[in-house]
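Residue strings, one per chain:
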Amino acid sequence: MSLINTEIKPFKATAFKDGKFIDVTEASLKGKWSVVVFYPADFTFVCPTELEDLADHYAEFQKLGVEVYGVSTDTHFAHKAWHDTSDAIKKVQYPLVGDPTGALTRNFDVMIEEEGLALRGTFVINPEGVIKVCEIHDNGIGRDASELLRKVKAAQYVASHPGEVCPAKWKEGAATLKPSLDLVGKI
């Protein structure tokens, strides 16, 4: 069963953000757009490149009213230690959520049970707490924050323009489509 158009499940976790530990719950993700990015583990190889890429685009996400959350099955203490030792992770200003029990990772169906690690799962969640984008990668394949920004903009556009859809490669300001019988077989 797909998680698309389902509401996020209740959770409580601790995150490292701005030099402090903060609580994060499902309520934290409601009332604004959110991006939740699961990654396998701190102190690894592909993960810091992705988190740094998100950090480099964080201001753009913020302009769209989007909060970003990085999640792994590490603890919030490990996130702090990684932040303190990695130049790439020092750039991260969004919450790094610890999920040592794997509860949150299981809620989003990205747990690799035999390893206790998360797959590379990306979720865009609307202000009502409903998942609108769900993308899961093999752990050897890194993600691109600029493509994620495009998907967030498309999700926001569709949410605010009922009856319109965004075609492939849609960019902000480009033409959209209004599905109708007249379009069938004409595209």
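See the structure shown above.
Quantities reported herein were computed from a predicted structural model and do not represent experimental measurements. (Residues numbered from 1 in each chain as written. Predicted model: local features only at pLDDT ≥ 70, side-chain atom pairs only at ≥ 80, totals over all residues. Heavy atoms only, no water.)

Trainee: I'd like a description of unusual backbone geometry, backed by residues and values.
Mentor: Although it is not a glycine, Phe43 sits at a positive phi angle of roughly 55 degrees. Its location among the elements puts Phe43 in the loop between strand S3 (33-38) and helix H1 (46-63). With relative accessibility at 49%, the residue Phe43 sits in the partly exposed group. The residue Asp109 is not glycine, and still its phi comes out positive at about 55 degrees. (Helix = DSSP H or I, 4+ residues; strand = E, 2+ residues; numbered from the N terminus. Buried < 20%, exposed > 50% of the residue type's maximum accessible area, 1.4 Å probe, protein only.)

Trainee: Any chance you could break down the state of the cysteines for me, citing the residues and the numbers?
Mentor: In this structure the tally under the stated criterion is zero disulfides. There is no disulfide at Cys134, and the cysteine sulfur nearest it, in Cys47, is 18 Å away. For Cys166, which is in no disulfide, the shortest distance to another cysteine sulfur is to Cys134 and amounts to 19 Å. Residue Cys166 is classed as partly exposed on the basis of its relative accessible area of 22%. (Disulfide = S-S within 2.5 Å.)

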